[in-house]
Structure formats: C-alpha cells, structure tokens
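Residue strings, one per chain:
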Amino acid sequence: SLVAPQLCCCLVSCSLNPPRSYFDCLRVSLCPAGGDTSSSTGTASPVPNSYDSLEGGSYPADLCVMKVTFTDGPMPLQPFPNLSQLSAALGGLSGVPELEVEALRAVNLLQERNLLPPRPLEAPEPNLSPELKKVNCSLQTFRCTLTSIPQTQALLNKARLPLGLLLHPFRDLQQLPVITSNTIVRCRSCRTYINPFVTFLDQRRWKCNLCYRVNDVPDEFMYNPVTRSYGEPHKRPEVQNSTVEFIASSDYMLRPPQPAVYLFALDVSHNAVEAGYLKYFCDSLLESLDKLPGDGRTKIGFLTFDSTIHFYNLQEGLSQPQMLVVSDIDGTSPPHITTPGRSLSCLGLNSFVLVKDLLTSLPAMFSQSTETCSALGPALQAAYKLMSSTGGRITVFQTQLPTLGAGALQSREDPNQRSSTKGVQHLGPATDFYKKLALDCSGQQIGVDLFLLSSQYADFASLSCISRYSAGCVFYYPSFHFIHNPAQLEKFQRDLERYLTRKIGFEAVMRIRCTKGLSIHTFHGNFFVRSTDLLSLANVNPDSAFAVQMSIEDSLADSSLACFQAALLYTSSKGKRRIRVHTMCLPVVNQLSDVYAGADVQAITCLLANMAIDRSVSSSLSDARDALVNAVVDLVSAYRSSVSNLQQSGLVLPASMCLFPVYILALLKQKALRTGTSTRLDERVFAMCEFKTQPLQQLMRMIHPDLYRLDNMSDKGALHLNDSVIPQPHLLHLSAERLSRDGAFLMDCGSVFYLWIGKCCNEMFIRDVLGCPNYASIPPNMVRTHFHPQWLTVERSRDHAVSLKLPKQTPPVFPEGVKASEMTEATLFQHLVEDRSESAASYQEFLQQVQQQASK
C-alpha cells in the first residue's frame, strides 16, 4: 500500500506536530525535509518589520466598520433572497453523470495504447452547481490535485493520492475587478476576505465559508457601486468575483509604499568579456529603459565587479557618469562604501541621459579586461547595503564560479560522475553565505534575480540560494557565447526583454487560508516563510508559481463545500498598496469513487515533482525516484483493492488517472531527476529550480511536451475565431514511431518549440513555412530569426490551439528548427519519453515494472 497502516495516525496528529508529507508515507523510507525554509513552515523571521499583523492576525481596532451617511436619507432596502434559496445555490451539487462515468471508466494500460486525447488535457471541472461554477476561481490561477475533497484523512489515505494546491497568484490577467472602498470586509475570526462562497443569513449578517463565524455586514457594504443600489450586499463585486483586487488603505502599510528601485550588478571579468553578454544587456536595457515598471519616483543604479567593485554616480547635475572603484574586499566585511546613495538615481531627465551614456560606454570600458577572478559575494553585500534603505530588485549577471572574498566557492563537480546511476552529489549548497544574505535581503524587502551565463561549472546549487530565499527568480544559459551559441543569445535577449518590462510587485506577503478542518503544512517555491502560513515575497512577478501540500485534520462531514483563499498583499510599481484575493470552492465527498473521478492528474504530477525535488536534496536522488515509482505502484494497488466490482486483470487505473504512469516516467527522464545520462550538475540544479517555480501549464509542457504533425492539417475540427479558420492538429504520443520522413512535426516544450522536418517532407510546406525552396536548402540548426515571417506567428492560444497563425502569448516562446538528419538525443529525441534509451526504460517496460511491483 502507498500509506503504511502504522503511519496513518501520523497524518492526523495534533497541531503541535506538523503532519507527515505524502512522500513520508510511501513505502520507501525517506528522510524529513530538514531545515529548508523554502518548503517548511516552522521558521520565524529574523527581521523585525513583519507584515503579519496587517494581512492576518486578530481584528485590528482601526478596521472597525464605518457608518455611511446619505445626504438624502437612507435608500429603501431591496428584497433579499431568503436563506433557503441561498443554501440551495451554495450547497446544491449537480454533477454531470456522463463525465463522472467516463472519469471512472477502468482502463487497462497494458492493452490500450492510444491514451492521449486529441487536444491538450483540460483540467477536470469540480462537481458543483452551475451557479458556483460560474463564479469559481480560474483553473489557471488555482488548481487542486483533487477537485473533490475527501471528507476524512482516512478516505484520503485510502485513495493514495496527494492533496495539495498549485497557485499562480500574480499572473497576467485580461480582466481584474479593482475595488476601492473605505471598508474591506473580512471575517472577524479567521480574517478571510468576503467572497462569492459566503452565506448571507440576512441583510445584516454573513457567515464565513472558512471558519463559519457569523459576521456583521458594514453599512458601507450595503451600497453597490456597480448597480448604484442599496440593500443588496450579495451583489457587490467582492461577492460576485472569485478574483478581485483591493486598493489598500494605510492600515495595510508599515511605511509609505516603496518606489520601484532597480539595481543591476554586472560581472565584467575576462570571462564575461569573452562570453559577450554585456553589450546585449546594455542594448536591451536601453531599448526598455522607458518601459521599466514604475513612476516618477523610480530609481536605477549600476554596479560592476571582477576582482574589485565599481560604483557609478548618476546624480542630477553631472555632465557624465562618475566611476568609483573599491578594492577593499577582504572577505570578512562588506566593502566600504563612502557615498552609497549616489549609486541609485531617480530617472529624471538628466539622470536618464546619464544612464544612457553609461550603458553605451560600459561594453567598451571593460573590453580589454584580463581579470579572471570574480568577487560576487562582496558585490552582493555592497548591493544589499545600497538597497537596504529602500528595498527593490537586484539583478545579478554572473559568468563564472565566484573566487574572491565572502561567498567564494570551489568546483565540486566531477565530470566523470555526470552519468552516474549510483547517486548525484552536491545538489545542496556548499555554503550558507548566499542563503543568509538572501534572508537579510528579504527582511529589507529586496528581491535578488540571478542570470547565470556560464560555459563552466559555477555551483548553481549555492548561487541560486540568493534568489530562492529572497523570492527572486533564476535564469541559466549554459555554454553562452554571443558568436558560438546564437540560440542561447537569442533566448537571453527574449528572456531579458520580458524580464525588464513585465509587471512587478514589491514588499509583498501572501497567506493561504482554507476551510476549517483542512491544514496547510508545506510550501514550495521561492520565498521565505515568515510565520507558519505567511510567505514573505520581497518581489513578486507574473511568471512564478507556488505549490502547497495539505492534509485533513478534522472531519469535513458537516460541510458540503471546502474553500481555499490566497491573499497577496503587495505594492505596485506605481506605489499603490494592493491586495489580490483568489478564492476557490470544491465539493466535499465521502465516496472513494468520487475522489478518483475528480482527480487532476496534471496537478498531482506537478505537486509530486515539487516534492521529489525536495526529497532529492534532503535525502538522495535515488530515494526521490523510488518514491515517484511507488506513487504509481501504490495507486494501482489501491485502485485494485478498493473498487470491489473490478474483475479485470492487468494494470488498471480509472480513466481520470490513466496518464499518470506516462507522466511519472516522463518526470523520471527529466534533467532534474534522471540518472545514467550525462547531465551537468548546474543544468540539473537549474531544472530543479524550474520545477519549483513554474506555473502548472508551463511545467507540464516541460515534463510531457505536446507533439503535433503540421504538414497534413485540415479544416476538420478547426476552430472558427474572428472569421478565420484555425486548424487543430491532434496530439501525438512521444515516440519516434510517430515521426515519419515525409512529415513536419512541432514539439511544444513550454519554453521552446522544436520543428522537426523530415527529409521527404512536402516542398510546398517547406516553402510556405520556412521560406526555403526545398529540404536541402534549409540551413542547419535554423533558429527563429531565419524563419519565414509567417512562421513567427506560430504560438499557443488560450485554448491551446496550434496553427500557423495564433494570438501572441507571454512569456515569449523561442522556436528552434532542426533537420531530421541532424537530430540528436540532445535536442528533440530526448523528449520522446515513451521510447527506451540507454539508461531508461520505455513506457511499456515501465508499465511491466509497475505491474510486477504491484503484484508482490
């Protein structure tokens, strides 16, 4: 069984002892996660400036309801729905029988070979009433591994499936209700924000959907600013939308909202000059300078470093930038900075000119550098000292292993062990310097983002801590060179353009609340856990996501619904304090069949990927891999033993989970978790970082890419959008047997497209799409800049459609085309996860392995 009987009691232990994680209950004995604050909740902040009392805690005295006086007297009350009508709307579950039957259909994986749907898999819809479905949170923002919540922990244990959330809280939204109100209505007990799933007992009272406390309706809330009517609080925007954003008052501020402050720390050593990134960075920033998020208070600064650190005075009144060189980096204290404030300049008219002058001259200033050392640690200490009074964002560009001063590192990688099957060493940091500095940064509302452009080992496991614990993000470009690796150069430019211009939130905190009886115990992502359920996010960006593991502490038998709410309190780049709130509602069930029918196989896979990454660092890579295999084995065993009317032999799972084995196999073959294949340590660790921060849709395409054939698309089943016909090619299994020499195939890996052209592909397709007369004329290793302009529009739509013309998506996709004769395992074929490789089993072999273990 997946959960050992003697361990079941641990999952319902008292609140003084956090419940065991899903992996802890697998048959493989795995070590606890240790003191990694990125995934544990028992860490207290070492800094005094906490936003805990603002977003949560007891009801503040200064947030009492305000009485609203109307000059012409109170407006007449409108008829109010009675309680029975509201209860029916909230609690009435109307399932879709045909969908439930299909989700529970028993599938013998050894017999059915074509399991992929023709279109990318959609998330299962919760079994809710139409009224609740209409107002429920978008599945792109909030996903739960189980869309039907088990009534008890015992039922969850029996299902052998993990319970958790995947959240993309700051994603780009086309429509977002923004509410300005003197009163932000929240539960007086648990501090939940009022939402579509509360119950109005009458005009003056509402019942919290998380803790069930009855609260008073403030007088101001009786007025609806949308309809300009009085007496219908249930029609307010806060109660009609599951995602809303409040303009926060001064009650939600510890200090005036900080300005947008950006500091760029640039490696200018000889290694950096050889790689050639500096010119392209300066060019990109020059083009995006007026697009940086901010207002009139925005500040910008620059710091360069090799064996010394260089500061630049950009203050108003100067005719040109002034450079200050600091060589005092003894490794025991931060560099001495006599005038740190001058290195951060408001983007006034004169400073704007100075910044342009500096960016224009920087590449030439260090073009003849012979310095081979890198004082990254002291440079970060200096950047922290510069930013600590304001907070903001530090962007670090590094091209080699830090070798001088605090945080200096030594190579830990043995190239001969890159393909080892015994175990992978040094997945964790070599020093706690970068973690400690990150926590200091987090305490001062500073986020640190890292761009690593290195052709050699740079100890990404250690360096990434500076971003992981300060809520920053990481980018990695292995073997970067502006001449020898044009693909990486283009990816760097596209990533940088998106990075510089995307929206940003400062000095943020996020708290996730859930219905009474449910418990959140483990978080995944880049942040610092300030209290048991409060995440400190010095910076928040729209491309990062989070995962949460949960358990059921008390029975939910008295409730038909379970709700989850995420509240993100942040400062916008315009200096406005805002609160973005997402609320999701799911049904509570007491039947195992309902749990399986509502299982979200993609959300389960992504949560397990996060857990496996933690396990590989805290225990070992082999333990993490074994745990993933056991997750499949134990689900098969549980389903076989629990579904009494199942008489089939073979490897049987419900249709809702039939793709689970192939997803797990694909996960085992990823750079982050694979063994037996040569994998550079930095690339492995970067892949692990991506698993912990990517939104679900992006992560799933990394794990299991979408493969289509493009040259034979027809109008059958096409989408008709805006008077245009968009062909819809079918998904193909990730196997070489699906490729053919006369076809053209597109593989969507999330952050990259691969176009595979067969040698006998139709010349008309090659001419129309690639702008080449025939196959022989296609340039080798063609990248996007060589594609025919029509091809540049090949991107993914909101409905996951793929055609030759689709709406633009963000973040941008970098397509890469390769001839069939030049394809190697290092490119497209490594993603064909159903095929056997030298070090890993094929899909059919994996199924046989699972069957053997399940039969023991």
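Going by the annotation in an unreviewed UniProt entry, the name recorded for the chain is SEC24 homolog B, COPII coat complex component, with Takifugu rubripes given as the source organism. Listed in UniProt under the heading Sequence similarities (unreviewed entry), the comment for the chain reads: "Belongs to the SEC23/SEC24 family. SEC24 subfamily."

## Notes on the overall build of the chain
Across its full length, the chain carries 22 helices and 33 strands. When burial is assessed residue by residue, the chain has 59% of its 856 residues classed as buried. Partitioning the intrachain contacts of the chain with sequence separation of at least 6 by distance along the chain shows that 77% fall at a separation of at least 24. Carbon and sulfur atoms make up 50% of the accessible area of the chain, which amounts to about 33500 Å² in all.

## Topic: the sheet that holds strand β7 (residues 205-207)
Pairing in this open sheet of three strands is antiparallel, and the strands run β6-β7-β8 from one edge to the other. Looking at strand neighbours, the two that pair on one side only are β6 (199-202) and β8 (214-216), the edges of this open sheet. With direction set aside, neighbouring strand axes in the sheet form an average angle of 35°. Sheet topology note: the β6/β7 ladder contains three bridges and is antiparallel. The residue of β7 that forms the bridge with Asp 202 is Arg 205.

## Concerning a nonpolar patch on the surface
On the surface, a cluster of nonpolar side chains totalling about 250 Å² of accessible area is made up of Met 323, Val 325 and Met 365. Inspection of the secondary structure puts Val 325 in strand β15 (residues 322-326).

## Focus on the UniProt feature "domain: Zinc finger Sec23/Sec24-type" (unreviewed entry) in the chain
UniProt annotation of "domain: Zinc finger Sec23/Sec24-type" (unreviewed entry) refers to residues 184-221 when read in the numbering used here. Annotation note: span residues 184-221, helix share 0%, strand share 26%, distance between end C-alpha atoms 9 Å.

## Some points on the nonpolar core
Core analysis: the biggest nonpolar cluster contains 164 residues, and Leu 303, Leu 518, Phe 564 and Phe 660 have the highest contact counts within it. Judged by nonpolar contacts, the second largest core, of 39 residues, contains Tyr 312, Leu 358, Leu 359 and Phe 475.

## A short note on the packing of aromatic side chains
This model, assessed by the stated rule, comprises 25 aromatic pairs. Each ring, one from Phe 264 and one from Phe 281, has its centre 5.5 Å from the other, and the planes form 55°; the classification is tilted. On the criterion of sequence distance, the pair formed by Phe 264 in strand β12 (residues 261-267) and Phe 281 in helix α8 (residues 277-288) is long-range, its members being 17 residues apart. In terms of burial, Phe 264 and Phe 281 fall into one category: buried.

## Regarding the side chain of Gln 488
Position of Gln 488 relative to the elements: it lies in helix α14 (residues 486-501). Classification of Gln 488 as buried rests on a relative accessible area of 14%. In this view, Gln 488 contacts Tyr 477, Pro 478 and Phe 480; residues no more than four positions away in its chain are not counted.

## A word on the pairing of strand β11 (residues 243-247)
Consecutive residues of a regular strand have side chains that alternate between opposite faces of the sheet. Counting buried residues in β11 gives four out of five residues, a clear majority hidden from the surface. Relative to β11, strand β5 (residues 178-179) runs parallel, the two being bridged by two bridges. Bridging across to β11, Ile 179 finds its partner in Phe 246.

## What to know about helix α16 (residues 601-618)
The terminal C-alpha atoms of α16, which comprises 18 residues, lie 26 Å apart, in line with the 26 Å expected from a rise of 1.5 Å per residue. The buried fraction of α16 amounts to 16 of the 18 residues, a majority that puts the element mostly inside the structure.

## Points about the pairing of strand β24 (residues 546-552)
The element β24 is largely enclosed, with a buried count of seven among its seven residues. The alternating pattern of β24 places Phe 546, Val 548, Met 550 and Ile 552 on one face and Ala 547, Gln 549 and Ser 551 on the opposite face, and all of these are buried. Bridge count between strand β4 (residues 164-167) and β24: four bridges; the pairing is antiparallel. Across the sheet, residue Leu 166 finds its bridge partner in β24, namely Ala 547.

## A closer look at helix α22 (residues 843-854)
Between the first and last C-alpha of α22 there are 16 Å, a value that for 12 residues agrees with the 16 Å anticipated at 1.5 Å per step. Buried within α22 we find Tyr 843, Phe 846, Leu 847, Val 850 and Ala 854. In a view along the axis of α22, the buried residues occupy a sector of 100°, so they form one face of it. Considering only its buried residues, α22 is in contact with α17 (621-642) and α18 (660-668).

## Brief notes about the confidence of the model for the chain
Per-residue pLDDT for the chain has a mean of 82; in total, 78% of the residues score no lower than 70. Within the model, the stretch residues 331-341 combines pLDDT values under 50 with 20 contacts to residues more than four positions away or in other chains. In this model residues 820-825 is a low-confidence stretch, pLDDT under 50, and it forms 14 contacts with partners more than four residues away in sequence or in other chains.

Procedures and definitions
Residues numbered from 1 in each chain as written. Predicted model: local features only at pLDDT ≥ 70, side-chain atom pairs only at ≥ 80, totals over all residues. Heavy atoms only, no water. UniProt positions renumbered as here; feature names shortened; annotations may be inferred. Helix = DSSP H or I, 4+ residues; strand = E, 2+ residues; numbered from the N terminus. Buried < 20%, exposed > 50% of the residue type's maximum accessible area, 1.4 Å probe, protein only. Contact = heavy atoms within 4.5 Å. Areas by Shrake-Rupley, 256 points an atom, 1.4 Å probe, with all protein chains shown as cover. Pairing = 2+ DSSP bridges. Axes fitted to C-alpha atoms, helices over the stretch in contact; angles between N-to-C directions. Patch = residues over 30% accessible without salt bridge, like charges linked within 9 Å, V, L, I, M, F, W, Y side chains within 5 Å. Salt bridge = Lys/Arg side-chain N within 4 Å of Asp/Glu carboxyl O. Core = buried A, V, L, I, M, F, W, Y, C linked by side-chain atoms within 4.5 Å. Phe/Tyr/Trp six-rings, centres within 6.5 Å; stacked < 30°, edge-to-face > 60°. Expected span 1.5 Å × (residues − 1). Arc of directions from axis to C-beta. pLDDT = per-residue confidence, 0-100.

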